[in-house]
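What follows is each chain in one-letter form.
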Amino acid sequence: MKRLVLPLWLILCTPSLLASTVTTPATAHIPLETALRDPAIDVEHYDLDLTSDPATQLLDGVATLSVSLKQDASELTLALHALPVTVVLVDGQLVPFSQSPDRLNIQLPEVLPAGAAFQVVIHYGGIPQQVLEPGDSVVSGVADGVGWKTIRRSSYVLNEPDGAMSWFPCNDVPSDKATYTFHVTVPDTLRAVANGQLTSTVSGPGTRTFTYDMDSPMATYLATVHIDRYTQVTLPLRAGLEAMVSIPTMLGANFQKANWQQLPAMLKFMEQQVGPYPFGTFGLIYTQGQDDYALETQALITYPGKALGGGAGGYLHEISHQWFGNSVTPANWQDIWLSEGFATYFEDLWVTRDAASLKQRVLTRLNKAQASRMPAPYVTLRHDLFAPRVYQRGALVLHALRATVGDAAFQRFLRGYYQRFAYKNVSTPDFIRAAAELTGKPSVTLMLQRWIYDAVMPPFPKS
Ligand SMILES: [Zn+2]
């Protein structure tokens, strides 16, 4: 994610924001917990059969979850926000269920042992409601939360961190990655786009059903579906890979063209830095939304329908997340700096492109961080999930490691770390251990611990 930070004066002076604004209570004290996860289950595949018409805002869903148990269980709990469930079946058998806010509790037919695998089919539907984050606003009835969003007869999804439950029942934790199939039925005047490979388009009476397969593991926060009328442009990236750029026709075919035309150069840059692009398809999609950020939705990067600050550097940021964030995914939200710190690091490299200007950029960032006494990038409170410390000091961790071990050892680490955790999850201790091993310098352990966990920023190493 790359968020455009609005200055306070602009927020205070924007008339539309002054009209009937309701802000959810500030909840700086809320810890980043894992209450939305069921530790007993591992969802291996989500098959989501969705029918939606943005004109009515209704979403009807049949979610089929392939689940295996990590421990004995007689019930399971999924995250689901504000959508009524009508029927639940486990391996074809009707089972009792109950709903409470953001929770769907399902009784299994019997106590099942660890290792048991079964299918859960959940029929649900209604008008999706965005999940409001602490501090989010509802301005004149328009929510500024996460999840399924409908605007001007189009719909799109921005989940991070916990919006997935606004449109499908899920084990909503980054460490439970799964493959996905999306069948999205929409009015035949519209197109649906989702993560992965388009495998079929089937016409029905007044409808079209688009099926997409995401066959690489994906965290729930990276899943997305878009429904609108689009201009679609195919852009060759390199042999065997092309980008599909989808632009709502409302925005015009040349919307942000100066940025998306740089995709081939950006992909080449990242492949040279790290290794092959992780996924079988590459998409970039714009929305009609006015969100202040882009999101690295897996193999289908989402950008809002307005210009964001940061220009092409922001695009490189989201592309780099395909390796760091999407393929190598933080195990817990506390580890989010392992996603945002890496993306900010690669953005630094792309924007500067030579050693002298990179050094200056890092120095400027370091000075700002020191002046503001920027706390540790490892966060424990929800309030800090997208704070500058995660991005800025997160990137400085990598610059400090590079300055300590030298360019050659750092590149060896970068590629080795990526290969070790590709398509999996990684925790901060995993990162520190890998850095010590792959650079061949166990002494970096203490330095990294100070940079990652200490409230007081350590001195930047002399390179
Ligand atoms: Zn990001």
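Residues numbered from 1 in each chain as written. Predicted model: local features only at pLDDT ≥ 70, side-chain atom pairs only at ≥ 80, totals over all residues. Heavy atoms only, no water.

**Concerning the sheet that holds strand S10 (residues 117–126)**
Strand order in this open sheet of eight strands is S7-S6-S10-S4-S3-S15-S18-S17, and the pairing throughout is mixed. Because the sheet does not close on itself, it has two edges, and the strands there are strand S7 (93–94) and strand S17 (197–204). In this sheet, S10 lies alongside strand S6 (residues 85–90) in antiparallel orientation, the contact comprising five bridges. Bridging across to S10, Val85 finds its partner in Tyr124. (Pairing = 2+ DSSP bridges. Helix = DSSP H or I, 4+ residues; strand = E, 2+ residues; numbered from the N terminus.)

**Points about the coordination of the zinc ion**
Within the protein, the zinc ion binds to Met1 (N), Met1 (O), His317 (NE2), His321 (NE2) and Glu340 (OE); these donor distances fall in the range 2.0 to 2.4 Å. The motif formed by the donor residues of the zinc ion, counted along the single chain, is M-x315-H-x3-H-x18-E. Placement of Met1 in the segment before strand S1 (2–3) and of His321 in the loop between helix H5 (311–320) and strand S25 (329–330) is noted, with a sequence separation of 320 residues between them. Accessibility expressed as a relative area gives 0% for His321, which makes it buried. (Donors = N, O, S within 2.8 Å, 3.2 Å for Na, K, Ca; no water. Buried < 20%, exposed > 50% of the residue type's maximum accessible area, 1.4 Å probe, protein only.)

**Considering helix H9 (residues 407–421)**
Residues that lie three or four places apart on an α-helix share one face, since the helix turns once every 3.6 residues. With 15 residues, H9 should reach 21 Å at 1.5 Å per residue; the first-to-last C-alpha distance of 21 Å fits that figure. Buried residues of H9: Ala409, Phe410, Phe413, Leu414, Gly416, Tyr417, Tyr418 and Phe421, and no others. Where H9 is buried, its residues meet helix H4 (263–273), helix H6 (337–352), helix H8 (388–405), strand S26 (425–426) and helix H10 (428–439). One or two positions beyond H9, positive phi appears at Tyr423, with a value near 65°. (Expected span 1.5 Å × (residues − 1). Contact = heavy atoms within 4.5 Å.)

**Examining the sheet that holds strand S9 (residues 103–112)**
The sheet built from three strands is open, its strands ordered S5-S9-S8 with antiparallel pairing. Either end of the sheet is taken by a strand with one partner, and the two such strands are strand S5 (73–79) and strand S8 (97–100). Here the average twist between neighbouring strands, direction ignored, is 25°. (Axes fitted to C-alpha atoms, helices over the stretch in contact; angles between N-to-C directions.)

**Comments concerning the domain arrangement of the protein chain**
In terms of domain boundaries, the protein chain breaks down into domain 1 (41–226), domain 2 (230–320) and domain 3 (329–453). The C-alpha centroid of domain 3 is placed 33 Å from the C-alpha centroid of domain 1. Summed over both sides, the interface between domain 1 and domain 3 buries roughly 1100 Å², with carbon and sulfur atoms accounting for 55% of that surface. Connecting domain 1 to domain 3 are one salt bridge. (Domains from an automatic or database assignment. Buried area = accessible area lost by both parts, 1.4 Å probe. Salt bridge = Lys/Arg side-chain N within 4 Å of Asp/Glu carboxyl O.)

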